[in-house]
Amino acid sequence: MRVSGALRYLELVAVLTGVYYFANRLGLLLRVDYGGVSPIWPSAGIAVALMWIFGLRWWPVIVLGEFLSALYLDQTFALGLSGGLIQLMEALLCTVLLRYLHVEHRFQNTRDPSLFVLIAALVPIIAGLLGATGLWLNHAIPQDKFLSAARTWWLGDAMGILIIAPLIAQWHRWPFKNLRETGYWLGLSLLLVLCSYLI
C-alpha cells in the first residue's frame, strides 16, 4: 500500500509539474527583455493554490517547474534553482499568512477576499526583489534594469496569484450544489479579476 501510494504521489507530481511548466510557458508569451520576466505569471497562482489548499507536500512541483522553465530560457542551473526556491518561498509565505489569518479558500465571508487580495499584492514584492537580485547577480540583467525587472516580477506573480489561485480554490468545490453557488463563483472571479486590474 505504501509503495502504491508513493507511486501515485510521484505520478501526480509529474502531471502537476507538466501543468505548472505549461502555465510558465503561457506566462513567457508576455515576457519582456529583462531576464525573461513576465507581467503575468499564472504558475505563481498554481503554486499558492497547491500549498494553501492541498498541502506542503507539493513543493517539488514548484521547484521542478521553475527549473524546467529556466532550461527552456537557456538560463544557468543557479538561476533555475534560485527561481524555483524564490517561487517556493513566495507560495510558503502566502500560505503561512493565509492560514495564520484563517482565510478560507472558499471565501465564505467578506474578510477573506480582502485579506487574500492584500497578501497576494504584498508578498510578491519580496519575491520580485529577490528574483531581480538573482537575475542581476547571475548577469541575466544589467544593473539599470534591476527595478524594472523587480517591478515586472512583482506584477506577474501578484496577477498570477490574484487570478489563478481563487479560480483553483473555487474549482476545487466543483460541482457546485446549486445555481446560487455558481453565481457566487462567477461574481467572486469577476471581483478578483477587477481587483487585480486595479492594482
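First, a word on scope: everything that follows refers to the structure included in this document.

Definitions and limits used
- Residues numbered from 1 in each chain as written.
- Predicted model: local features only at pLDDT ≥ 70, side-chain atom pairs only at ≥ 80, totals over all residues.
- Heavy atoms only, no water.
- Helix = DSSP H or I, 4+ residues; strand = E, 2+ residues; numbered from the N terminus.
- Buried < 20%, exposed > 50% of the residue type's maximum accessible area, 1.4 Å probe, protein only.
- Contact = heavy atoms within 4.5 Å.
- Areas by Shrake-Rupley, 256 points an atom, 1.4 Å probe, with all protein chains shown as cover.
- Salt bridge = Lys/Arg side-chain N within 4 Å of Asp/Glu carboxyl O.
- Expected span 1.5 Å × (residues − 1).
- Bend = angle between axes of the 7 residues up to and from the residue.
- Core = buried A, V, L, I, M, F, W, Y, C linked by side-chain atoms within 4.5 Å.
- Patch = residues over 30% accessible without salt bridge, like charges linked within 9 Å, V, L, I, M, F, W, Y side chains within 5 Å.
- Axes fitted to C-alpha atoms, helices over the stretch in contact; angles between N-to-C directions.
- Left-handed = near helix turned anticlockwise from the far one by under 90°.
- Nonpolar A, V, L, I, M, F, W, Y, C, P; charged D, E, K, R; others polar.
- Phe/Tyr/Trp six-rings, centres within 6.5 Å; stacked < 30°, edge-to-face > 60°.

## Quick word on the overall build of the protein chain
Working step 1: From N to C terminus, the protein chain includes 7 helices and 0 strands.
Working step 2: Counting only residues that meet the buried cut, the protein chain has 47% of its 199 residues in that class.
Working step 3: Expressed as a percentage of contacts within the protein chain between residues at least 6 apart in sequence, the contacts between residues at least 24 apart total 71%.
Working step 4: Surface accessibility of the protein chain: about 10800 Å² in total, with carbon and sulfur atoms responsible for 70%.

## Describing the pattern of salt bridges
Working step 1: This model, assessed by the stated rule, comprises 2 salt bridges.
Working step 2: As a salt-bridge pair, Arg-8 and Glu-11 come within 3.9 Å of each other at their nearest N and O atoms. One end of the pair is Arg-8 and the other is Glu-11, both in helix H1 (residues 2-28) and 3 residues apart, which spans about a single turn.
Working step 3: What makes Glu-11 partly exposed here is its relative accessible area of 47%.

## Looking at helix H6 (residues 146-171)
Working step 1: The first and last C-alpha atoms of H6 sit 37 Å apart over 26 residues, in line with the 38 Å expected at 1.5 Å per residue.
Working step 2: At Ile-161, H6 is bent by approximately 25 degrees, the largest bend along its length.
Working step 3: Most of H6 sits inside the fold, with 19 of its 26 residues counted as buried.

## Overview of the nonpolar core
Working step 1: Counting 37 residues, the largest nonpolar core has Val-48, Trp-52, Ile-62, Leu-98, Phe-116 and Ile-161 as its most contacted members.
Working step 2: At the level of secondary structure, the elements contributing two or more residues to this core comprise H1, helix H2 (42-54), helix H3 (59-72), helix H4 (77-100), helix H5 (111-137) and H6.
Working step 3: The biggest single contributor to this core is H2, with 9 residues.
Working step 4: If we skip the residues at most four places from it in the chain, Leu-98 touches Val-48, Trp-52, Val-103, Phe-116 and Ile-119.
Working step 5: Listed in part, the 11 residues of the second largest apolar core include Ile-86, Ala-132, Leu-135 and Ala-149.

## Considering the environment of Val-63
Working step 1: Within the secondary structure, Val-63 is located in helix H3.
Working step 2: Taking the C-alpha atoms as reference points, Val-63 and Gln-87, 24 residues apart in sequence, are found 7.6 Å from one another.
Working step 3: Not counting residues within four places of it along the chain, the set of residues in contact with Val-63 comprises Gly-84 and Leu-88.

## What about a nonpolar patch on the surface?
Working step 1: On the surface, a cluster of nonpolar side chains totalling about 440 Å² of accessible area is made up of Phe-22, Leu-26, Leu-29 and Leu-30.
Working step 2: Along the chain, Phe-22 turns up in helix H1.

## Comments concerning the packing of H5 against H6
Relative placement of two packed helices is described by the angle separating their axes and the distance separating the axes.
Working step 1: Relative orientation of the contacting elements H5 and H6 amounts to 140 degrees, with a least axis distance of 7 Å. Here H5 runs over H6; the crossing is right-handed.
Working step 2: Residue composition of the contact of H5 with H6, grouped by class: 21 nonpolar, 3 polar and 1 charged.

## Overview of the environment of Ala-121
Working step 1: Locating Ala-121 in the fold gives a position in helix H5.
Working step 2: A residue is classified by how much of its surface remains accessible, and Ala-121, at 13% relative accessible area, is buried.
Working step 3: C-alpha of Ala-121 to C-alpha of Ala-158: the two residues are 37 residues apart in sequence and 5.3 Å apart in space.

## Examining the packing of aromatic side chains
Working step 1: Using the criterion set out here, one finds 5 aromatic pairs in the structure.
Working step 2: For the ring pair Trp-52 and Phe-107, a centre distance of 6.0 Å and an interplane angle of 65 degrees mean the geometry is edge-to-face. In this pair, Trp-52 is assigned in helix H2 and Phe-107 in the loop between H4 and H5, connecting sequence segments 55 residues apart.
Working step 3: The class of Trp-52 is buried, set by a relative accessible area of 6%.
Working step 4: On the basis of relative accessible area, Phe-107 is assigned to the buried category, the value being 0%.
Working step 5: Ring centres of Phe-107 and Phe-116 lie 5.5 Å apart, and the angle between their planes is 80 degrees; on these two criteria the pair is classed as edge-to-face.
Working step 6: The rings of Trp-52, Phe-107 and Phe-116 are connected pair by pair, giving a single aromatic cluster.

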